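Structural characterization, general
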Amino acid sequence: DSINPAYAAWDDQNVPSGPSFQFRSGDCHDGMSFFGLNNSTGRYDSSASEQGLLVMNHEYINPTFLHPKGPTKPNGRRPEDEVIREVNAHGVSVVHIKKDKTNQKVEIVQNSIFNRRITGSTIMDFNGPVAGNPLLATQYSPVGLKTRGTHNNCGNGYTPWGTYLTTEENFNQYFSRDDIGRDANSIVALDRYKIPAASSYKWHTVKATEDSRTNDIKDLNIQDIYDRWLTKVSGAEAKDDFRNTTNTFGWIVEIDPFNGSHTPVKRTALGRFAHEDCRASRAIAGQPLAFYMGDDSQGEYIYKFVSDALWDAKDINGGYTAGDKYMNSGKLYVAKFNFDTATEKSTGEWVELNINNPLISAYAKYKFADQADVLVNTRLAADAVGATKMDRPEWVAVNPKNGEVYVTLTNNSSRGTAHPLDSANPRNYADADKGGSPKGNINGHIIRFKETGDVVTASTFTWDIFLFGAEQDSIQDVNLSKLGADNDFSSPDGMWFDPRGVLWIQTDDGSYTDETNCMMLAALPGQVGDGQVKTTAGLPTPTGAELDNTKLRRFLTGPAGCEITGVTMTPDYKAIFINIQHPGNNWSANHPSALNLSKAVLGSRPRSATLVITRVDGGAIAGEALETTKAS
Ligand code: FEO
Ligand code: CA
Ligand code: CA
Ligand code: CA
């Protein structure tokens, strides 16, 4: 959809130009947050529901439906217009919306000055300990202070001062790689971050034309905006080529939705990995802030960053200056989960990723130059200290009632084989309907932890597994949470606590989709330690209390083929927004003839979409559930 009145509406039969996507919604909507807009100040207002900025990620693209005839590569090169469309369809949208307070109807304010796109080409600053480090030096920014673009933005977060945090997840897939002339250390780093020999996107193959000068990339050297997607040694030094271009992605990016004149900022103190989500701890006056984060890949880790600065509510609406205060200076930790089978106690520790730790400074597999190198190659530092390899850490949620932290572990087909079982990742089994040999952790789980002393600076925690994903008809020691027909689910991914304490859980699943589509559930959780130690295939694991369908209930299921992701509400709880990512094209409401790119007249193109849900009676969403809980 256009977010600027100068640009026409989407047309299935006549796909808009690549450059026009600077003023249109991107593809594959993902993480999303609503920021209330104060009518008189034009700034952030956490209590405003009638106007606000809906900020959302566009994780990736569906090239088949995005281009007039799908993606092409004549003579081995991608056409420039296709690549500009693809780069622009990634990133983030800021969309001004208003809600009628009597009937709750939500509309886009199409001519708002706040509407804006951040794309795979938008200029960004680096800040924090790695800014200006030689590891970020490129031909584009020889001093390592800038880069262009953000992409594969998956989970999200928001700060207590009113800015948006976007994440760079599978950034590696966009690069192609040449190792000639590299030293062994840099090859270890590229391998650890799974930078492929050849990207399927092939953005580096574009031959820039004069046309590219008329697009909105205001840059004199147009060819290098494509060249940078091939990382290789071609100049005398790093500042002369793009050998370091992959180091400029994989970060948390702060965006002030209310300030369109400042470039977004990549916050290097929070480390570099396949960032999936970034959730702030509760903002408590006089205490540090923590940001909890997952690295979504099989066997990767859970992290927290703890600010040196202490929270002061005067920083609300402080924009990037507040970001500099809380996100440039602090400590980065990785999690280790332990379970003592004799005492049945579950404990954990946070290991600081610091160059002064001999396990890091003397690590045999990779030689770290300094603390900035630890932040660029965070995964290698976490390997060095022996952090716990998890079943794909996705989103993170902080319980507003008690500060406990929840992390979705979506699934892991390698659990029990490449990654041995442990009590925090305890399942390896076969789908009861399909049979055959065990296929790892098929349905995923949600782990949660409580910081010792309820302070974010704690170096230890206790934990349990809040819920195990499972089919209701799974065998007993797979369906450990005793899920039933109203609440069974598979592959939890998106997750958010609304400020009342309702936990929204979303799925991105391929295991239970033979029986149902991806879905969203609502939960009213208790606390760490409220359940029992159970066993699965003989391995003990601490589980949360079983929840009946008054405490855990399916809220919706999506159309075929989609992932449900992204959830936010207006502060009055009367509108909830969710994203339908990459729906298939075979649901009944679609055009009767399925999309066929070879036909002159096409069927409709399935597009990702944002849904807003309001109640017929205009009341608070999930309001009765909370009333029932209060009464009982
Ligand atoms: Fe983009 Fe980990 O889901
Ligand atoms: Ca079943
Ligand atoms: Ca996700
Ligand atoms: Ca099944």
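Residues numbered from 1 in each chain as written. Chains lettered and ligands numbered in written order. Predicted model: local features only at pLDDT ≥ 70, side-chain atom pairs only at ≥ 80, totals over all residues. Heavy atoms only, no water.

Another point: the overall build of the protein. Scanning the protein for helices and strands turns up 9 helices and 33 strands. Against the compact-globule benchmark of 26 Å for 632 residues, the protein has a radius of gyration of 24 Å, which places it among compact chains. Taking the principal axes of the C-alpha coordinates as reference, the protein spans close to 70 × 60 × 55 Å. The burial tally for the protein puts 59% of its 632 residues in the buried class. (Helix = DSSP H or I, 4+ residues; strand = E, 2+ residues; numbered from the N terminus. Rg over C-alpha atoms; globule rule 2.2 N^0.38 Å. Buried < 20%, exposed > 50% of the residue type's maximum accessible area, 1.4 Å probe, protein only.)

All right, on to the state of the cysteines then. Summed over all chains, the structure comprises 0 disulfides. Summary of cysteine pairing: C28 is not part of a disulfide, and the nearest cysteine sulfur, belonging to C154, is at 10 Å. Judged by relative accessible area, which is 0%, C28 ranks as buried. (Disulfide = S-S within 2.5 Å.)

On to the environment of R116, then. Here R116 lies in strand β5 (residues 116-118). When its relative accessible area of 14% is taken as the criterion, R116 is described as buried. Put simply, R116 and N4 are 112 residues apart on the chain and 8.6 Å apart in space, counted from C-alpha to C-alpha. Setting aside chain neighbours within four positions, we find R116 in contact with I3, V92, S93, V94, I255, D256, P257, N259, G260 and H262. For R116, the side chain forms a polar contact with the main-chain oxygen of D256, separated by 2.8 Å. Within the structure, R116 has its side chain in polar contact with the backbone oxygen of N259 (distance 3.4 Å). (Contact = heavy atoms within 4.5 Å. Polar contact = N/O pair within 3.5 Å; in protein donor to acceptor, adjacent residues only side chain to side chain.)

Next up on the list: the coordination of the calcium ion (ligand 4). Taken together, D433 (OD), E471 (OE), E471 (OE) and E515 (OE) make up the protein donors of the calcium ion (ligand 4), found 2.4 to 2.6 Å from the metal. Donor residues for the calcium ion (ligand 4), ordered by position in the chain, follow D-x37-E-x43-E. Separating the calcium ion (ligand 4) from the calcium ion (ligand 2) is a distance of 3.8 Å, and D433 supplies a donor atom to each of them. Of this pair, D433 sits in the loop between β22 (405-409) and β23 (445-451) while E515 sits in the loop between β26 (503-507) and β27 (519-523), and the two are 82 residues apart along the sequence. (Donors = N, O, S within 2.8 Å, 3.2 Å for Na, K, Ca; no water.)

Positionally, A274 belongs in the loop between β13 (265-267) and β14 (275-280). For A274, the contacting residues outside a window of four places in its chain are E168, E169, N170, G294, D295, D296 and R379.

The element helix α2 (residues 80-88) is largely enclosed, with a buried count of 8 among its 9 residues. In the core, the buried residues of α2 are packed alongside α1 (63-66), β5 and α4 (224-227).

Our focus in this paragraph is the coordination of the calcium ion (ligand 3). On the protein side, the calcium ion (ligand 3) has C154 (SG), E276 (OE), E394 (OE), D493 (OD) and D493 (OD) as donor atoms, found 2.3 to 3.0 Å from it. Note that the calcium ion (ligand 3) binds 6 donor atoms; their angles at the metal cover 48 to 157°, and the shape is irregular. All donors of the calcium ion (ligand 3) come from a single chain, and their spacing in sequence reads C-x121-E-x117-E-x98-D. Of this pair, C154 sits in the loop between β7 (146-148) and β8 (156-158) while E394 is found in strand β21 (residues 393-398), placing the two residues 240 residues apart along the sequence. Judged on exposure class, the residue C154 and its partner E394 are both buried. (Tetrahedral: all angles 85-135°; square planar, octahedral: opposite > 155°, others 65-115°.)

This part is about the confidence of the model for the protein. Averaged over the protein, the pLDDT score is 94; the fraction of residues at 70 or greater is 94%. Across residues 587-593, confidence stays below pLDDT 50; counting only partners more than four residues off in sequence or on other chains, it has 7 contacts. (pLDDT = per-residue confidence, 0-100.)

What follows deals with the sheet that holds β13. Sheet strands pair by backbone hydrogen bonding; their relative direction is either parallel or antiparallel. The 6 strands are arranged β7-β6-β13-β12-β9-β8 in an open sheet whose pairing can be described as mixed. Either end of the sheet is taken by a strand with one partner, and the two such strands are β7 and β8. In this sheet, adjacent strand axes meet at a mean angle of 30° when their direction is disregarded. Relative to the sheet, helix α5 (residues 319-327) contacts β6 (123-127), β9 (164-167), β12 (252-255) and β13, its axis offset from that of β13 by approximately 15°. (Pairing = 2+ DSSP bridges. Axes fitted to C-alpha atoms, helices over the stretch in contact; angles between N-to-C directions.)

What follows deals with the sheet that holds β22. Spatially, β14-β15-β17-β18-β19-β24-β23-β22-β21 is the arrangement adopted by the 9 strands of the open sheet, whose pairing is antiparallel. Two strands bound the open sheet, and with one partner strand each, they are β14 and β21. Each strand of the sheet is rotated relative to its neighbour by a mean of 30°, with strand direction disregarded. Direction of pairing for strand β19 (residues 345-352) relative to strand β24 (residues 460-468): antiparallel, over a ladder of 3 bridges. Counterpart to T347 in the pairing with β24 is T462. Of the strands in this sheet, β15 (288-295) and β17 (302-310) are in contact with α5, which crosses β17 at around 110°.

For the structure shown, the criterion picks out 37 salt bridges. E451 is the partner of K304 in a salt bridge, and the nearest nitrogen-oxygen pair spans 3.0 Å. With K304 in strand β17 and E451 in strand β23, this residue pair connects regions lying 147 residues apart in the sequence. A relative accessible area of 6% places E451 in the buried class. (Salt bridge = Lys/Arg side-chain N within 4 Å of Asp/Glu carboxyl O.)

Turning to helix α3 (residues 184-192), a few remarks are in order. Every buried residue of α3 is listed here: A189, L190 and R192. Axial view of α3: buried residues confined to an arc of 165°, hence all on one face. Packed against the buried residues of α3 are β10 (176-177), β16 (298-300) and α8 (378-384). Once α3 ends, the next one or two residues include K194, with phi positive near 55°. (Arc of directions from axis to C-beta.)

On to the packing of aromatic side chains. Per the stated rule, a full pass over the model turns up 34 aromatic pairs. Summarising the aromatic geometry, the rings of W161 and Y326 are spaced 5.2 Å apart at their centres and angled 20° between planes, so their arrangement reads as stacked. Note that W161 is positioned in the loop between β8 and β9 and Y326 in helix α5, a separation of 165 residues in sequence. Across this residue pair, the class does not change: W161 and Y326 are buried. Ring geometry for F273 and Y303: centres 4.1 Å apart, planes at 15°, overall stacked. Here F273 is found in the loop between β13 and β14, whereas its partner Y303 is found in strand β17, with 30 residues between them in sequence. A relative accessible area of 0% means that Y303 is categorised as buried. Members of the aromatic cluster, joined through ring pairs, are Y174, F175, Y201, W203, W229 and F249. The ring of Y193 is capped by R272, whose NZ or CZ atom sits 4.2 Å from the centre of that ring. The aromatic ring of Y333 is capped on one face by K304, whose charged end is 5.4 Å from the ring centroid. (Phe/Tyr/Trp six-rings, centres within 6.5 Å; stacked < 30°, edge-to-face > 60°. Lys NZ or Arg CZ within 6 Å of the ring centre and 35° of its normal.)

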